[in-house]
Amino acid sequence: QWAGLRPFPQDRLPLIGQTSIKGLYWALGFYRSGILIGPYVGELMAEGILSGGWPRILKPFDQRRVLGKN
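Fair warning: this is a prediction, and the values are worked out from it, not measured in the lab.

Engineer: How would you explain the pattern of salt bridges if you had to name every residue and give the values?
Structural biologist: Any two side chains of opposite charge can pair if their charged atoms end up close together. In this structure the tally under the stated criterion is two salt bridges. Notably, a salt bridge pairs Arg65 with Asp11, separated by 2.6 Å at the nearest N-O pair. Within this pair, whereas Arg65 is found in helix H2 (residues 64–67), its partner Asp11 is found in the segment before strand S1 (15–18), the two being separated by 54 residues in sequence. A residue is classified by how much of its surface remains accessible, and Arg65, at 24% relative accessible area, is partly exposed. The partner of Arg64 in a salt bridge is Asp62, with the nearest N and O atoms 2.6 Å apart. The exposure class assigned to Arg64 is partly exposed, which follows from its relative accessible area of 41%.

Below, the structure is given as structure tokens:
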């Protein structure tokens, strides 16, 4: 059996960044593009985690847009 789940948020934009738990980050909801853009997102996340400043390109994917905590 195969489920073939390809989850994505309602607005179809992935969730990338730091969670409300210190030291916990996520990158999820890529639907079928995760296999293609995962390595690039990982590189951007590593840059953000190590430098403490998130790349501007990741701003639209902040989870606060979904959680209503802007």
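Engineer: I'd love a proper account of the pairing of S1, names of residues and values included.
Structural biologist: In the sheet, S1 pairs with strand S2 (residues 25–28) via four bridges, with the strands oriented antiparallel. Residue Gln18 lies in a different strand from S2, and its bridge partner there is Tyr25. The loop that links S1 with its antiparallel partner S2 comprises six residues; one of these, Gly23, has a positive phi angle of about 85 degrees.

About the thresholds
- As a convention, each chain's residues are numbered from 1 in the sequence order in which they are written.
- Reporting of local features is limited, given that this is a predicted model, to residues whose pLDDT is at least 70; pairs of side-chain atoms are given and counted only at 80 or more, and all residues count toward the totals for whole chains, interfaces and linings.
- For side-chain calculations, the full set of non-hydrogen atoms in the structure is used, while hydrogens and water are omitted.
- The term salt bridge refers to a side-chain nitrogen of Lys or Arg lying within 4 Å of a carboxyl oxygen of Asp or Glu.
- Strands are runs of DSSP state E lasting at least two residues, helices are runs of H or I lasting at least four, and both sets are numbered from the N terminus onward.
- Residue exposure (1.4 Å probe, protein chains only): buried if accessible area is under 20% of the type maximum, exposed if over 50%, otherwise partly exposed.
- Here, strands pair whenever DSSP counts at least two bridges between them.

By themselves, these observations are geometric and do not establish any function.
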